[in-house]
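Residues per chain, in single letters:
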Amino acid sequence: MKCHLAKSNRSRQERAIASATLTALAVALVPAAASAAAQSDPQVIQKLEQHIDEVEQQLQSMKQQLEDLKKQNAELAAQQRQQAAAQQQQAAEQQQQAAQQQQLAAAAGSSSKGLAENLSLWGYGEVYYMHPVHDTSLSEFDLARAVFGIGYRFDDRTVFNSEYEVEHAVASAGDRGEFEVEQFYIDRQLMPWASVKAGLFLMPFGLLNEHHEPTNFYGVQRNFVETLIIPSTWREGGVGFHGSTQSGLTWDLGVTTGLDLGGWEINPEDPLYQTALDLEDRSVAPMQATHQELQLAKAQHLSQYVSLNYNGVPGLLVGGAVFTGKAAVPTFPSGLPDQRVTLWEGHARWTPGAAELSAVYARGTISNTATYNLDNAGASNPVPSEFLGYYLQGAYTVWQNGGYRLTPFMRWERYDMGHAYEGIPQGFTTVPTGLASDGLPWPKPNDRVWTFGASFYLNPHVVLKADYQIFRVNTDFQRFDLGLGLAF
């Protein structure tokens, strides 16, 4: 618009100058014409004089227009100079602000670059209300666990992961609670299809051990098969290689610490567990009680593991894993033979639409237990030579709206922590036949359990749970549970 006004003023000025030039030429020629006409007719002279007066008036008008145009041009030029100066000042201020922001970013980056940008945080937690049906005095309300994870990416191929867990709200010498390191390892990518990890990491067994956040499983508490037969959460220290292929096959294999059978409590005066909750919390199963968690772990013998999974078909996961290795044996009595612990499992999950079907089978053995059991004949808790468990589970999402989701489920499972024994002399039993200090029979190390319940998700990260469990062997364990779980 400003350019158009300037051009318009120049055009008007040019027209005024041309008109004035023509008028001046006319004035210069009028006297000559008047002189010639004066000799012929006085009236002509009068007309010429009038015409000269008109021309002079036009010249004066043209002159005033020229002055006005000059004044307008001067004002416009001054205005353009002011605007140009203001724009230059604004641009200079913007450049200065940008430079300051760059300096602040550089200062912040010098102190936090490589930390905040590469740091990752996560966590999960569970709160339980447990209500035994046959003895309500044993009801408990518990902050079962609070877990916080810290990860750090050193570069595009090197990552550190760790998790720290507080169990039962308070961890001290006089409380049931514990503070423990659940994971602590470095993972380095070697090539697009293979990586290596080293440190303390979760073992790749079953459906739950590596994915044990409360939003990932049904039921207030974790199932018994993946707690008693496959320890939860089972971790070992070592080195592992893992990767995946484009066809949907994932693999994981490595060398880790093994078990310490010296951790087995062979002759307790009272049952190690008196409720269903005790089964999960008190390390009563063979591998629960003897895996070392990298706590000054005995490492004269190392174990090996391999895990394979296939998820190349949409909605289907199938896999299995094997762990085996010599265990550290008790120091008393001396001269015990080498003992090998082996665990193998198979698992499957199918999710056709709103339904979910899953199954796990796990079986473990401990070799050469006869000598130890014979040396401790009559003990209330001999070492089993074989233990096993399996379950079938079905779930179906009956309602979903936005982040809300309601999914009822049903599970049948069997666990047997003492499926077979060696070295039990004739006349001795593997479970005491009398009564415990609470006046109840000693519980059996095996059961068949029905679990009915539902999970109500407020969103994918927060879930409310309820279930009812029926125990066919240890009928006193029957219970109703409520739970709150979260993961982020």
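Residues numbered from 1 in each chain as written. Predicted model: local features only at pLDDT ≥ 70, side-chain atom pairs only at ≥ 80, totals over all residues. Heavy atoms only, no water.

For the rest of this paragraph, the subject is the environment of Ile266. Residue position: Ile266 is located in the loop between strand 7 (249-257) and helix 4 (276-281). Accessibility expressed as a relative area gives 11% for Ile266, which makes it buried. Sequence separation between Ile266 and Asn376 is 110 residues; the distance between their C-alpha atoms is 7.9 Å. Discounting residues that sit within four places of it in the chain, Ile266 has contacts with Tyr372, Asn373, Asn376, Ala379, Ser380, Asn381 and Pro382. (Helix = DSSP H or I, 4+ residues; strand = E, 2+ residues; numbered from the N terminus. Buried < 20%, exposed > 50% of the residue type's maximum accessible area, 1.4 Å probe, protein only. Contact = heavy atoms within 4.5 Å.)

As a further point, take the pairing of strand 6 (residues 235-244). A regular strand carries its side chains on alternate faces of the sheet. Taking burial as the measure, the 10 residues of strand 6 include 7 buried ones, the bulk of the element. Pairing analysis gives 8 bridges linking strand 5 (residues 194-202) to strand 6, with the strands arranged antiparallel. In the strand pairing of strand 6, Ser195 is matched with His242. Counting the residues in the hairpin turn of strand 6 and strand 7 gives 4 residues, including Gly248, whose phi is positive at 105 degrees. (Pairing = 2+ DSSP bridges.)

The next subject is the pattern of salt bridges. Taken as a whole and judged by the stated rule, the model has 16 salt bridges. Between Glu165 and Arg145 there is a salt bridge, with its nearest N and O atoms 3.1 Å apart. One end of the pair, Glu165, is in strand 3 (residues 158-167); the other, Arg145, is in strand 2 (residues 140-155), with 20 residues separating them in the sequence. Arg145 carries the same exposure label as Glu165, and that label is buried. Ionic pairing is found between Asp260 and Lys298, a salt bridge with its closest N-O pair at 3.7 Å. Of this pair, Asp260 sits in the loop between strand 7 and helix 4 while Lys298 sits in the loop between helix 5 (286-290) and strand 8 (302-310), placing them 38 residues apart in sequence. Salt bridges sharing common partners tie together Glu126, Arg145, Glu165 and Arg222. (Salt bridge = Lys/Arg side-chain N within 4 Å of Asp/Glu carboxyl O.)

Mapped onto the elements of the fold, Asn474 is located in the loop between strand 16 (462-471) and strand 17 (479-487). The class for Asn474 is buried, based on a relative accessible area of 8%. Within the structure, Asn474 has its side chain in polar contact with the backbone nitrogen of Lys444 (distance 2.9 Å). When residues no more than four places from it in sequence are discounted, the contact partners of Asn474 are Tyr415, Pro443, Lys444, Asn446 and Asp447. (Polar contact = N/O pair within 3.5 Å; in protein donor to acceptor, adjacent residues only side chain to side chain.)

Looking now at the packing of aromatic side chains. Scanning the entire structure with this criterion turns up 19 aromatic pairs. Among the aromatic residues, those joined into a cluster by ring pairs are Phe224, Tyr273, Tyr415, Phe471 and Phe477. When the ring centre of Phe201 is taken as origin, the NZ or CZ atom of Lys197, which lies over that ring, is 4.5 Å away. (Phe/Tyr/Trp six-rings, centres within 6.5 Å; stacked < 30°, edge-to-face > 60°. Lys NZ or Arg CZ within 6 Å of the ring centre and 35° of its normal.)

In this structure, the amide linkage connecting Ser232 to the following residue, Thr233, adopts the cis form with an omega of -10 degrees. Checked against the element boundaries, Thr233 lands in the loop between helix 3 (225-229) and strand 6. Cis peptide bonds are those with omega within 30 degrees of zero, and the linkage from Phe332 to Pro333 qualifies with -5 degrees. Looking at the element boundaries, Pro333 is found in the loop between strand 9 (316-327) and strand 10 (339-350). Phi at Glu293 is positive, roughly 60 degrees, even though this residue is not glycine. With respect to the secondary-structure elements, Glu293 resides in the loop between helix 5 and strand 8. One non-glycine residue, Asn368, adopts positive backbone phi at about 55 degrees.

Here we come to the pairing of strand 4 (residues 178-191). Here 10 bridges tie strand 3 to strand 4, and the two strands are oriented antiparallel to one another. Across the sheet, Val166 pairs through a bridge with Phe179, a residue of strand 4. Between strand 4 and the antiparallel strand that follows it, strand 5, lie 2 residues.

Read these as layout, nothing more, since geometry by itself doesn't imply function.
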